[in-house]
Amino acid sequence: MSKATISGVTKSSYTIAPEVTVDLVNLYPESETWVQVYPGPESVGTNGTRLTESFALVSDVKPRDSVLRFTKLDSVLLDSGEWTLEVITRTPFGIERIAHTSINIDRDLALRGSFQALSDQ
């Protein structure tokens, strides 16, 4: 059975997307596995944006492991709010979500301070 682990993401809010690593274990022969991202909480069956560097194709006759790293998610996680990252695999038996996690992006800047007007003398 294929498994995936998504690491590099915590429950914190990020102003810049963190580096994310996806460890893929026991990918089924003749399978295609990818990572997708979409705004909002996780929802089975949602079609998100596939990350271009996230495809793992297995055309061998035996299972395979793979590691995917993402360092430039800011180009996809454009707006503030909750986002979902999912790992999807397509085998001869169908399509299955094998991992998911949420990330909170906070791009809103708050400035705290004061200023004093200088009087003309």
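This text follows the structure it describes.
About the thresholds
- Residues numbered from 1 in each chain as written.
- Predicted model: local features only at pLDDT ≥ 70, side-chain atom pairs only at ≥ 80, totals over all residues.
- Heavy atoms only, no water.
- Helix = DSSP H or I, 4+ residues; strand = E, 2+ residues; numbered from the N terminus.
- Rg over C-alpha atoms; globule rule 2.2 N^0.38 Å.
- Buried < 20%, exposed > 50% of the residue type's maximum accessible area, 1.4 Å probe, protein only.
- Contact = heavy atoms within 4.5 Å.
- Salt bridge = Lys/Arg side-chain N within 4 Å of Asp/Glu carboxyl O.
- 1 Å grid on protein atoms, 1.4 Å probe; cavity = no way out; pocket = protein on both sides within 12 Å on 5 of 7 lines; lining within 4 Å.
- Points joined across faces, edges and corners; volume = space filled by probe spheres on them.
- Nonpolar A, V, L, I, M, F, W, Y, C, P; charged D, E, K, R; others polar.
- Core = buried A, V, L, I, M, F, W, Y, C linked by side-chain atoms within 4.5 Å.

Draft legend 1. Main features of the overall build of the protein chain. Along its length, the protein chain carries 0 helices and 9 strands. In the protein chain, the succession of helices and strands from N to C terminus is β-β-β-β-β-β-β-β-β. Against the globule reference of 14 Å for 121 residues, the protein chain gives a C-alpha radius of gyration of 20 Å, more extended than a compact globule. Once the C-alpha set of the protein chain is aligned to its principal axes, its extents read approximately 85 × 25 × 20 Å. By the burial criterion, 35% of the 121 residues in the protein chain qualify as buried. Long-range pairs, those at least 24 residues apart, make up 63% of the contacts in the protein chain with a sequence separation of at least 6.

Draft legend 2. Just the pattern of salt bridges, in detail. Within the structure shown, the criterion is met by 3 salt bridges. Residues E32 and R50 are paired through a salt bridge, measuring 3.8 Å at the closest nitrogen-oxygen approach. Taken together, the residues span a long stretch of sequence, with E32 in strand β4 (residues 31-39) and R50 in strand β5 (residues 49-50) at a distance of 18 residues.

Draft legend 3. Representation of the layout of surface pockets. Considered as a void within the structure, the largest pocket measures approximately 180 Å³ in volume. W34, Q36, V44, G45, T46, N47, R50, E86, I88, I95, E96 and R97 together form the lining of the largest pocket. The element contributing the most residues to the lining of the largest pocket is strand β9 (residues 94-105), with 3 residues. Here the residues of the lining of the largest pocket are counted per class, giving 4 nonpolar, 4 polar and 4 charged. What lines the second largest pocket is M1, S2, N26, Y28, P63, T89, T91, F93, E96 and I98. Across the lining of the second largest pocket, the residue classes tally to 5 nonpolar, 4 polar and 1 charged.

Draft legend 4. Structural detail: the nonpolar core. In terms of nonpolar packing, the biggest core is built from 24 residues, with V20, V22, F70, L73, L77, V87 and I103 touching the most fellow members. Every element with two or more residues in this core is listed here: β1 (3-7), β3 (20-27), β4, β7 (64-70), β8 (81-91) and β9. Discounting residues that sit within four places of it in the chain, L73 has contacts with A17, P18, V20, L51 and L85.

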